[in-house]
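# Fold and geometry: a report
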Amino acid sequence: MKKLLKPLAILTTLAMFTILIGGALVTSTGSGLGCGRSWPFCQGEIIPDHITPELIIEMAHRLSTFFGSFFVLALSFFSWRAYRGNKEVAFLALTSVIFLFVQAFLGAGAVLWGQNDFIMALHFGISLISFASVFLLALLIFEFDLKWGTENLVVSRKMRNETLWLFAFLFIAIYSGALVRHTDALLANLNFPFAGNGFEYPSTLPEWVQTLHRLAAAILSIWIFKMMVQYWRQYPELTVLCWSWTIAFVLVLCQAATGILNVM
């Protein structure tokens, strides 16, 4: 069973990534109602008569979510059975399943009953948690055999607590970014980094959303940089954690750069 877990973990991670990209594509192309107010079928039919690009995008996202759900359920169940008693595996397996269904419920609710922008931004955040849970579970499965030197990792309680607070703030930053998209606030502030030519306060909701997202992104970048430096200084022997924080800092800089380029 354990031998099959690795390919299953890879396939499930790819499936969840496809679902994540598909959801972003649905939002970016305005295809959320490509199938009308009908779920799970399009326009109440398995194969609708009138095919549009929006319908194809929305239906492809629904199909990838449907099949991806079976991969997540299979990975969660078999990993729990294979490593019964391991709290990390049990936690990630349960988290993967719970947030997968929460994400699907919010997506279906948006089609059937309509949702406001704040709920739809939450939907994206939930999707990221679901993907992250599957990805971490896959890494954990490989870690058991590869022995990356993580079995004896010990850091101070202060550093662990700060990491948890950082993760919580990371979700806020991600949520604010999704809110920028769903409130059409991407170009609300054409200047960078402030709303106007000087230190002007935002005057509309989209401007406030965009400005607060920029503030959250700046704080997040500085915070991750601080954590990276701390780990390299205090725990240079824990190379897995040191390089993980370095990669996180590089990725958040890339994320910020693409956001700035969108505005500029």
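Just so it is clear, the structure is predicted and the values come from calculations on it, not from any experiment.

One turn of the α-helix equals 3.6 residues, which is why residues spaced by three or four share an orientation. With 27 residues, helix α1 (residues 2–28) should cover 39 Å at 1.5 Å per step; its first-to-last C-alpha distance of 39 Å lies within 8% of that length. For α1, the set of buried residues is Leu5, Leu8, Ala9, Thr12, Thr13, Ala15, Met16, Ile19, Leu20, Gly22, Gly23 and Val26. Positioned one or two residues after α1, Gly30 has a phi angle of 65°, which is positive.

This part is about the nonpolar core. Core analysis: the biggest nonpolar cluster contains 20 residues, and Leu5, Met16, Leu75, Tyr83, Leu137 and Ile141 have the highest contact counts within it. When contributions to this core are tallied by element, the ones reaching two or more residues are α1, α2 (53–82), α3 (87–112) and α4 (117–146). Not counting the four nearest positions on each side in its chain, Ile141 is found in contact with Leu5, Lys6, Ala9, Leu75, Ser79 and Tyr83. With 18 residues, the next largest nonpolar core counts Val155, Met159, Leu220 and Val252 among its residues.

Okay, the side chain of Thr246 next. As for its position among the elements, Thr246 is in helix α7 (residues 239–263). Separated by 2.9 Å, the side chain of Thr246 and the backbone oxygen of Cys242 make a polar contact. With sequence-adjacent residues up to four places away left out, Thr246 is seen in contact with Met228 and Trp232.

About the cut-offs
- Residues numbered from 1 in each chain as written.
- Predicted model: local features only at pLDDT ≥ 70, side-chain atom pairs only at ≥ 80, totals over all residues.
- Heavy atoms only, no water.
- Helix = DSSP H or I, 4+ residues; strand = E, 2+ residues; numbered from the N terminus.
- Expected span 1.5 Å × (residues − 1).
- Buried < 20%, exposed > 50% of the residue type's maximum accessible area, 1.4 Å probe, protein only.
- Core = buried A, V, L, I, M, F, W, Y, C linked by side-chain atoms within 4.5 Å.
- Contact = heavy atoms within 4.5 Å.
- Polar contact = N/O pair within 3.5 Å; in protein donor to acceptor, adjacent residues only side chain to side chain.

Any functional reading would require information beyond the geometric quantities listed.
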